[in-house]
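Examining the three-dimensional arrangement
These are the residues of each chain, in order.
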Amino acid sequence: HAPTEDQLREAVVMAAEELENGHCVRKDNEIVCEQEPRQAKVASVTPTKSQRHFATMHRSTPRTIKLSQSAAILEKVAKNLMNSPDHFTLEQLGQVVSRSITGLCDEAPSCEPRLIDNKEFRTANGCHNNLLHPLWGSPEQCLKRLLDPQYKDGLGEPRTTGRDGDPLPNARDVSLAMNEDLRKSNHETSHMLMQFGQFMSHEITMTAVDPEGFSTCTCGSAKPECFNVPVPPDDPDFRGRSCLEFPRSIQSPNEGCSMGQRQQFDQVTAFVDASNVYGHSEEDMNNLSLRDEGEPEAWRERAWPERAWRERAWPERAWRERAWPERAWRERAWPERAWRERAWRERAWRERAWPETAWRERAWHEWVLHERAWHEWAWNERVWREWAWHEWVLHERAWPERAWRERAWPERAWRERAWPERAWRERAWPERAWRERAWPERAWRERAWPERAWRERAWRERAWRERAWRERAWRERAWPERAWRERAWPERAWRLLKSKPNPQEWKKDLLPEAKSKDPEFQCPGFTGPNDEKCSLAGDNRVNQQPALTSLHTVFMREHNRIARELSQHNGGWDDNRLFYETRKIIGALMQKIAYGEYLPLVLGPDFMDKFDLTLTKSRFFDGYDPTVNPGIYNVFATAAYRFGHSIVQNEFDRYSPDYQTSIKLAFSFFNPTYILNDAEGGPDSIIRGLTTQPRQDFDRYMVSGLTKFLFADPPGSNQGFDLATVNIQRGRDHGLPGYNAWRVRCGLKNATTFTELKSQIPDETTREKLASLYRDVEDIDLFVSGLAEESVKGGIVGPTFAYLIGKQFQDLRRGDRFWFEKDDQFTEDQLAEIKKTSLARILCDNMDGTTDMQPNVFKLPTHPGNKRVPCASSGLPQMDLSKWQEWPDMPEK
Ligand code: HEM
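Residues numbered from 1 in each chain as written. Predicted model: local features only at pLDDT ≥ 70, side-chain atom pairs only at ≥ 80, totals over all residues.

With that out of the way, let us pick up the overall build of the chain. Helices and strands together make up the secondary structure of the chain, namely 42 helices and 13 strands. Counting across all 893 residues of the chain, residues that qualify as buried make up 43%. Partitioning the contacts of the chain with sequence separation of at least 6, the portion at a separation of at least 24 is 74%. (Helix = DSSP H or I, 4+ residues; strand = E, 2+ residues; numbered from the N terminus. Buried ≥ 20, exposed ≤ 12 C-beta atoms within 10 Å, placed from the backbone. Contact = placed C-beta atoms within 7 Å.)

Next comes the structure, spelled out in structure tokens:
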């Protein structure tokens, strides 16, 4: 049987009370809590700088905090009901459908309803990617489980005991034994492979930890949300400290707000959608992109409201829909004579009661087009000629010149031809195309359009001139010309991502500075010698270390480069359109680089095949499956994809033409000085370093920058963290089952003894170490054994991680309705352009002073077939953005 409504209500009240005040009982209709309020017992301290760095790795939003409180109540309710005389099972409780329970999750994120699906562009937060499950892949969702968690109490307490019920080894002891700092560089692949891996991890996953956690998780704290790691007495690195503080990840309610085992959040969009460049919400995106006055409302409220503009779909639809109906038109008997003589005289104008406003709006528009296209946009002749709007087409199109002349254009034929709007439209001289093409008079003339035809069509030019679309008249009409100019169209419009001009003027822009309104992007406690500021990007971990910041810089520059170039091809696109089209291309590039260049090296050919991850050769991808949830697996974020921690170098080389040095990782965390140091080449020299320096080998070893000095303050001191310990502890915090369960899940044989691990972990010393740490093969922490596995053929990671990573990236592809290779995303030509480009090309285009690059930047330039070639050579093909140029509608034959 299931609990009654009354039982549920009572349980919820009690659970909330207990979480506040310790164990409670009901006495005579009153709840009496036996202990002191828990809050009072926990001394709150100011977190140290290194703890604040740590907190930056897991921003949590007010909503996730709120939801985690609900999830905690749910967990307590379940626990109490399971321990009640009724002894409900978790299975029974999981089935309960009641408002008393689901009401706890009323704050859960939801997607804004939308009437019309936008098939072209993703939303900023990934909502509505899946039409049946709009929330799939959006932020603040529960991490998916491939295997049920194994918590100590079956519900939510970290996995701290082994199969035999005795405690697991201390995570720090495991780290000390297994993840020593033994360095070996790889001969084939570059440090860029590491860096892109981290960049990608921030693109798809971020678990949440309460930033307040560090204030309360002091050593000795008994708070259940603290899972501190005791420092062994003989610890060589953290002497004098009794623990490494570890606040647990905050818990996420289960799907549907049902009672169940503890879950965790992913706070970013799961999709490979460049959300680390643009942010994970509409708000982030607005903050990162240039708008006229920063605020969308202000923008809309302006006298020339952008939204109204778009909605009016000027002019065609509005034109048709407005009271400009064809019949009225004809009935109004537009005075033929006036027209001939000078249609545009203002008196006639007013007398004819032509709707002044509408007219002015249109006039304005045409003028702008004219002026802009004409003068500012260097509409060049070659492009023009390449258009199919072209003499040849004209002929083909039965627009034969003779017929033309016979039609006695312009005057009589004009009238006879029933200037009516329908014919007009049918002639496919579509007003819209016209506008978008911004048919510039001068280009027109220069195009040697046959003189005679020209004259015959001269009604246009003449009328044009006669209409005196001149600035003076214009200004006299009190059109807010100044306001217009102030909007600084088009450069300042928000189609660009914000950036900061490089102090060296000839160099490319840097990421924008984080302002005080962006606290998540501040480098906690940092005060550089020159008051350096940390950077703003789509992901708040951008400042974690300078090579990561550098890669973010490259992608910001690539957005702006593409947006500028696209605007040349499509004069008629407004800044919104330019922004979204560019963002779509950047997202596609991210997918192309991840699946086309990066993953094959991580997973090797067999796992690429197994999970069907290889990009299509010449066709579109038809594997979209709306039943696939693209969300991130808990095991992927908590263990498998952390494989990258093994391949990080302790020192990051940097190269500039006259400088070669390196950055010590331990001294670079959240320190923007390196990025801004132009004498050492800024971000560009760091990127060059990444493409030149080998990565660390994939093995169980990790460098001291990560295991001794992570976020240490002062840098290099014993006041930091150990990332290996953190990873192990995080796995236990999330209840990840032990290694053996994962082996079986991933298709490997169940191992009953340590010797049976031989096929995957051939190194005997490693197996002996494992056997001395763990009492049972079942117990081994996945992160530990995952690093110890031998690489798969042609890949980096071992078979267990390869399976888990492959599966995740398969879901991210099959579950993405906006996957770039789908036939409704790009044309065949555009897709070919995206596929032909590479991260190497992007680096060439967006760095200063880089003239050569190896075609595959994840491989070393010493790798056979991967020699550096000039950026200008055909070895590094560039995207041809003219494939994005929109063509005017052609008349049908
Ligand atoms: C200098 C390089 C790197 C540093 C300093 C670094 C540091 C960190 C830290 C401090 C965390 C938070 C751990 C926790 O609290 O549980 C983390 C998480 C993570 N790291 Fe790294 N990392 C680096 C490179 C990489 C690379 C190369 C990869 C993958 C190829 C990677 C993948 C991950 C993943 C998947 C997470 C979990 C993210 C989440 O869901 O919150 N990291 N890293």
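Before going further, it helps to examine the UniProt feature "binding site: heme b" (unreviewed entry) in the chain. As recorded in UniProt, the feature "binding site: heme b" (unreviewed entry) lies at H645. On the secondary structure map, H645 appears in the loop between α32 (634-638) and β9 (651-656). The buried category is assigned to H645, around which 22 C-beta atoms lie within 10 Å. Residue contacts for H645: discarding those within four places in its chain leaves M702, L706, L723 and N727. (UniProt positions renumbered as here; feature names shortened; annotations may be inferred.)

A separate point is the environment of E532. In this structure, E532 sits in the loop between α29 (481-486) and α30 (546-569). Separated by 278 residues in the primary sequence, E532 and Q810 place their C-alpha atoms 41 Å from one another. Here E532 is in contact with P672, T673 and L676, once residues within four sequence places are set aside.

Along a regular strand, successive side chains alternate from one face of the sheet to the other. Of the strand pairs in this sheet, strand β3 (residues 141-142) and strand β8 (residues 263-266) are connected by two bridges, and their pairing is antiparallel. If you follow C142 over to β8, its bridge partner there is F265. When strand β7 (residues 251-252) meets β8, the two strands line up antiparallel, connected through two bridges. Counted as the bridge partner of S252 is Q263 from β8. (Pairing = 2+ DSSP bridges.)

This part is about the pairing of β9. Here β9 runs beside strand β10 (residues 659-664); their pairing, made up of six bridges, is antiparallel. Looking at β10, one finds that Y655 is bridged to Q660.

Below, the discussion takes up the environment of E513. Counting through the fold element by element, E513 comes out in the loop between α29 and α30. Sequence-wise, E513 and K533 are 20 residues apart; in three dimensions their C-alpha atoms are separated by 6.0 Å. With sequence-adjacent residues up to four places away left out, E513 is seen in contact with K500, K533, S535 and L536.

Moving on to the site of the ligand. In the vicinity of the ligand, 22 residues are found, and the nearest of them are G197, Q198, S201, A637 and G644. Breaking the shell around the ligand down by element, the ones donating at least two residues are α8 (191-204) and α36 (723-733). Ranked by residue count, the leading element in the shell around the ligand is α8, at four residues. Class assignment of the residues belonging to the shell around the ligand gives a composition of ten nonpolar, ten polar and two charged. (Near = placed C-beta within 6 Å. Nonpolar A, V, L, I, M, F, W, Y, C, P; charged D, E, K, R; others polar.)

Turning our attention to the packing of α30 against helix α31 (residues 575-610). Here α30 crosses α31 at 130°, and the two axes come no closer than 9 Å. Overall, the two elements α30 and α31 adopt an arrangement that is oblique. The handedness of the crossing between α30 and α31 is right-handed. Contacts between α30 and α31 pair F555, E558, H559, I562, A563, L566 and S567 from the former with L578, F579, E581, T582, I585 and I586 from the latter. (Axes fitted to C-alpha atoms, helices over the stretch in contact; angles between N-to-C directions. Parallel < 35°, antiparallel > 145°, perpendicular 65-115°, else oblique. Left-handed = near helix turned anticlockwise from the far one by under 90°.)

Moving on, we get to helix α41 (residues 828-836). Inspection of α41 places L831, E833, I834 and K835 among the buried residues, and these make up the whole buried set. Next to the buried residues of α41 lie α31.

What follows concerns the sheet that holds β3. If you walk across this open sheet you meet the three strands as β3-β8-β7, and the pairing is antiparallel. A strand with exactly one partner marks an edge of an open sheet, and here the two such strands are β3 and β7.

Core analysis: the largest hydrophobic core is formed by 160 residues, its most contacted members being L599, F636, A640, V797, I805 and L843. The element best represented in this core is α31, accounting for 16 residues. Those residues in contact with L599 that sit more than four places away from it in its chain are A594, M608, L613 and F809. Ranked by size, the runner-up nonpolar core spans 16 residues in total, among them A71, A78, L93 and I101. (Core = buried A, V, L, I, M, F, W, Y, C linked by C-beta atoms within 7 Å.)

What follows deals with helix α7 (residues 171-178). A large share of α7 lies buried, amounting to six of its eight residues. Looking only at α7, the buried set comprises A171, R172, V174, S175, L176 and M178.

That bond from D713 to P714 is cis: its omega, 0°, falls within 30 degrees of zero. Mapped onto the elements, P714 comes out in the loop between α35 (704-707) and α36. Of note, the phi angle at N29 is positive, near 65°, even though the residue is not glycine. Within the fold, N29 resides in the loop between β1 (24-27) and β2 (30-33). Among the residues examined, N29 registers 5 C-beta atoms within 10 Å and is labelled exposed. Although it is not a glycine, D612 adopts a positive phi angle of roughly 50°. Along the chain, D612 turns up in the loop between α31 and α32. According to the C-beta neighbour criterion, D612 is exposed, with 12 such atoms within 10 Å.

Let us look at the packing of α8 against α31. Viewed as axis vectors pointing N to C, α8 and α31 meet at an angle of 130°, and their least axial separation amounts to 11 Å. Relative to α31, α8 is oriented oblique. Helix-helix and strand crossings are classified by hand; for α8 and α31 the assignment is left-handed. The segment α8 lies against α31, with L193, F196, M200 and E203 engaging M590, A594, Y598 and L601. For the contact of α8 with α31, a count of residues per class yields seven nonpolar, no polar and one charged.

Mean pLDDT over the chain: 82, with 75% of residues reaching 70 or higher. The low-confidence segment residues 374-391, where pLDDT is below 50, has 22 contacts with residues more than four positions distant or belonging to other chains. Overall, residues 393-439 carries pLDDT values under 50, and its contacts beyond four positions in sequence, including any with other chains, amount to 53 contacts. (pLDDT = per-residue confidence, 0-100.)

With that settled, consider the environment of R145. Along the chain, R145 falls in the loop between β3 and α7. A C-alpha to C-alpha distance of 35 Å links R145 and T46, two positions 99 residues apart in sequence.

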